[in-house]
Amino acid sequence: MLAGLATFLTMAYIVVVNPGMMASAGIDHGAAFVATCLAAAIGSALMGLLANYPVALAPGMGLNAYFAFAVVGGMGVPWQVALGAVFLSGMIFFAVSISGFREWLINSIPISLKLGIAAGIGFFLGLIGLRGMGLVADNPATLVSLGSLKETATLLSCIGFVLTAGLVARGITGGIVIGILVTALLGLPFGLTQFNGVFSMPPSLEPTFLQMDLAGAIGLGLLGIVFTFFIVDLLDNAGTLIATTHRAGLMRKDGSVPRLGRALMADSGGAMIGAALGTSTTVSYIESAAGVQAGGRTGLTALTVAALFLLTLFLAPLATSIPAFATAPALVLVACLMAQSLRDIEWEDATEYMPAIVTALAMPFTFSIATGIGLGFIAYALVKVVAGRAGQVGGAVWVIAAASAVKFWLQS
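Residues numbered from 1 in each chain as written. Predicted model: local features only at pLDDT ≥ 70, side-chain atom pairs only at ≥ 80, totals over all residues. Heavy atoms only, no water.

- As named in an unreviewed UniProt entry, the protein is NCS2 family permease, taken from Teichococcus oryzae.
- UniProt, in its Subcellular location (unreviewed entry) section for the protein, records the words "Cell membrane".
- According to UniProt, the comment filed for the protein under the heading Sequence similarities (unreviewed entry) is "Belongs to the nucleobase:cation symporter-2 (NCS2) (TC 2.A.40) family. Azg-like subfamily." (UniProt positions renumbered as here; feature names shortened; annotations may be inferred.)

What follows is the structure, given as structure tokens:
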């Protein structure tokens with residue numbers, strides 16, 4: 001239970017950050033807050049009960065940005081249709097989780113691309129966070145440039161980032177949450193933060209509950225979007241489960257993860273439930289490693305996290321008091337943490353690190369996780385062929401690369 005508290009404190013920032021992102025997509029902020037808490041609680045409970053793992057779930061960072069800024073904001077897809085795409089991706093993930101196709105797909109995708117995807121999502125979040133802090137601004141000549149440092153909100157965001165980074169560096173449990181709250185408090189004297197209270201009954205979920213548009217998602221031909229939600233969800237969860245089970249000493253000697261199918265079923269079920277409630281894809285959180293470090297080894301840790309998210313439902317006034325300039329530094333910090341995956345790339349092999357870097361760079365510079373994934377898989381397959389090592393390209397890579405190439409051709 002103490003391990004569950006440790007995990008909760010390291011990931012509780014999501015109840016502030018995610019509703020803000022969903023609100024930018026047109027979703028009611030209060031309903032998004034409730035959906036975030038419930039999706040995290042139900043997903044974590046499923047993981048604890050089905051797989052007996054100390055792994056917590058919540059709407060995923062990166063996928064929520066893709067949902068809000070790329071799909072809804074960039075493509076103009078209604079948020080109801082986007083939720084339908086999330087639900088469909090969860091259905092596909094569930095089908096994959098109960099079939100042998102799961103192992104084939106996971107094993108066919110090279111580790112370098114998995115690491116590149118993780119870092120690229122981090123860079124994507126970083127760009128959004130820097131823009132939210134006011135440090136990055138539009139520029140017609142150079143595309144982007146430095147924002148105005150004379151803005152009070154920008155200065156407070158910078159202070160918030162330094163404070164949060166320092167707390168995390170010191171190993172302070174809940175450092176990100178503390179940083180967000182302190183930054184918001186600094187805005188009170190300047191009128192940038194409006195305090196709405198602390199406790200209340202939860203807001204209504206009615207604006208988002210079962211509002212997903214499955215027919216619209218199918219009718220608009222959003223297969224590329226559905227596939228992106230699916231592949232990132234699959235890779236994110238597989239990577240998190242591998243990392244946390246290894247650290248907890250639960251991984252088998254041959255490197256396989258016991259009860260992987262049950263764990264992925266919990267993940268996919270959480271994704272579908274989250275879409276039905278009104279939020280983006282629910283994933284396993286790497287912050288679960290904090291609970292593992294504190295001694296968590298069973299599903300009781302995840303169930304404790306679930307209970308704490310349910311209690312958080314009554315903190316809606318506090319969550320709605322947090323302005324965007326206070327949460328933006330947290331996005332940049334999470335980006336820094338996700339970028340650590342680059343250190344594990346095989347830097348001695350150009351056919352491995354070059355496609356990974358293409359993947360990581362393409363996401364922020366095209367402002368699309370889907371485009372980054374597609375370009376990365378295409379680069380991996382072609383570089384291997386030119387290098388005379390086509391035999392090292394797995395079947396899944398060929399399929400994804402070919403599908404991406406066709407998609408880019410049709411869009412151009």
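Considering helix H12 (residues 260-277)
Step number 1: With 18 residues, H12 ought to run about 26 Å at 1.5 Å a step, and its terminal C-alpha atoms sit 26 Å apart, in line with that.
Step number 2: Burial of H12 is extensive: 15 of the 18 residues sit out of reach of the surface.
Step number 3: Once H12 finishes, Gly278 follows within two positions and takes phi at roughly 120°, a positive value. (Helix = DSSP H or I, 4+ residues; strand = E, 2+ residues; numbered from the N terminus. Expected span 1.5 Å × (residues − 1). Buried < 20%, exposed > 50% of the residue type's maximum accessible area, 1.4 Å probe, protein only.)

A look at the environment of Ala263
Step number 1: Take Ala263: it is sitting in helix H12.
Step number 2: Residues Ala263 and Ser284, spaced 21 residues apart in sequence, show a C-alpha to C-alpha distance of 9.3 Å.
Step number 3: Apart from residues lying up to four places away in sequence, Ala263 is in contact with Met47, Ala51, Tyr53 and Leu241. (Contact = heavy atoms within 4.5 Å.)

Remarks on the UniProt feature "transmembrane region" (unreviewed entry) in the protein
Step number 1: As recorded in UniProt, the sites labelled "transmembrane region" (unreviewed entry) are residues 30-50, 57-75, 81-101, 113-132, 152-169, 176-195, 215-243 and 354-383.
Step number 2: Between the end C-alpha atoms of residues 30-50 there is a gap of 30 Å, over a span that is 100% helix and 0% strand.

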